[in-house]
Amino acid sequence: MLTRRHFAASTGLALLAPGFRPARAQSAYPDRPVHALVGYPPGGGVDIVARLVGSPMEKRLGQPVIVDNRPGASAMIAAQAVAKAAPDGYTLLFAAAGEVAVNPALYKERMTYDPAKELAPVALCGTVPCLVVVPASLPVHNPAELIAYAKANMGKLSFSSSGIGNPQHLAGELMNHMAGTDVLHVPYRGSAPAVTDVAAGRVTMSFSSLGAALPLIQDGKLRAVAVTSGKPMPQLPEVAPLGTAPGMEGYELINWFGLFAPAGLPAPVMDKLAAAADSALQDATLQRKLMEQGIIPRRLDPTAFRRFVEEDAVKFARIIDDARITVEG
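Predicted model only: the values in this text are computed from it and were never measured. (Residues numbered from 1 in each chain as written. Predicted model: local features only at pLDDT ≥ 70, side-chain atom pairs only at ≥ 80, totals over all residues. Heavy atoms only, no water.)

**Q** Before we move on, could you go through the sheet that holds strand β1 (residues 34–38) and cite the residues and values that matter?
**A** Across the sheet, which stays open at both edges, the six strands sit in the order β2-β1-β3-β10-β4-β11 with mixed pairing between neighbours. Each having just a single partner strand, β2 (65–69) and β11 (296–300) make up the two edges of the open sheet. With strand direction ignored, the average angle separating the axes of adjacent strands in the sheet is 25°. Note that strand β3 (residues 91–96) and strand β10 (residues 254–262) share four bridges and pair antiparallel. Each bridged residue has a counterpart across the sheet, and for A95 the counterpart in β10 is G258. Sitting on the sheet, helix α4 (residues 97–106) touches β3, β4 (119–129) and β10, and the angle it makes with β3 is about 70°. (Pairing = 2+ DSSP bridges. Helix = DSSP H or I, 4+ residues; strand = E, 2+ residues; numbered from the N terminus. Axes fitted to C-alpha atoms, helices over the stretch in contact; angles between N-to-C directions. Contact = heavy atoms within 4.5 Å.)

What follows is the structure in structure tokens.
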């Protein structure tokens, strides 16, 4: 017969057994470093956001946030690693719109993870509108003139972006679709060469990040004529949204950066991570540093961020389908 004394004794022996580890309470999270994966090389936009936001998160969490760059496969290597990781809060993903909301429509046959089911949105960190830039010599100064010029030169113009299927490319295709224009897309490996060839007159215009285009704008070689967000960018308030051109009402397409975790994350861990990210993004110094990179700080809680991602995924998929955008391989 098992008595209370026998039960206590056996329990005590179990506690002393080698390798025994009592279950951790969720309130103890985190008790070791947190790894934040980034699907791009150091120095890029997502990497910068990860380091700017991760640093103050360390103070709130009480543990290091280690940025781990794993570039490749359109950032899907890092995204998949997080999607398949244990949902314990120790493996996170700082991502752009591409690997979460664009790639499912662009790489249907190559996707090995499902962002909608396997990644949990934690916090939006900021939005990144594209600038539409043209050579300073082009007789175009605002959105209305840009659309009018494109219509007057059907089939003769081109626009550059930093690659096939990214938000810069999709912003140009959305312009073509809504305005009825026929501006040819010319993809480049990165924003820097894409805008350099516009300044040199090899390409008519570019949908570019502020960081890549600003030096050439300041040198007088490029002119910013529109922005792809619904409102002007705080960094360039004089540049009007492309949606203000006749027939372009409702136009908006932006890139964004956010923090994700594996799906199934316990609610207390999600709450801690979301609170740490939100606290970091409220810091005025961090906001200023993001703005300097062409990123507009924007905070959304996990529920609102999930809706945001879902809506953008639908928009990106529609543009990819309308423009019949395909990728090789």
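**Q** Please give an account of the packing of aromatic side chains that cites residues and values.
**A** Under the criterion given, the structure shown has seven aromatic pairs. An angle of 85° between the planes, with centres 5.8 Å apart, marks the rings of W256 and F305 as edge-to-face. Highlighted residues: W256 in strand β10 and F305 in helix α12 (residues 302–322), separated in sequence by 49 residues. Like W256, the residue F305 is buried in the burial classification. Judged by centre distance (5.7 Å) and plane angle (70°), the rings of W256 and F308 are edge-to-face. Here W256 is found in strand β10, whereas its partner F308 is found in helix α12, with 52 residues between them in sequence. Each of the two residues, W256 as well as F308, counts as buried. An aromatic cluster of at least three residues, connected via ring pairs, comprises W256, F260, F305 and F308. Its end group placed over the ring of Y90, R32 keeps NZ or CZ at 3.6 Å from the ring centre. (Phe/Tyr/Trp six-rings, centres within 6.5 Å; stacked < 30°, edge-to-face > 60°. Buried < 20%, exposed > 50% of the residue type's maximum accessible area, 1.4 Å probe, protein only. Lys NZ or Arg CZ within 6 Å of the ring centre and 35° of its normal.)

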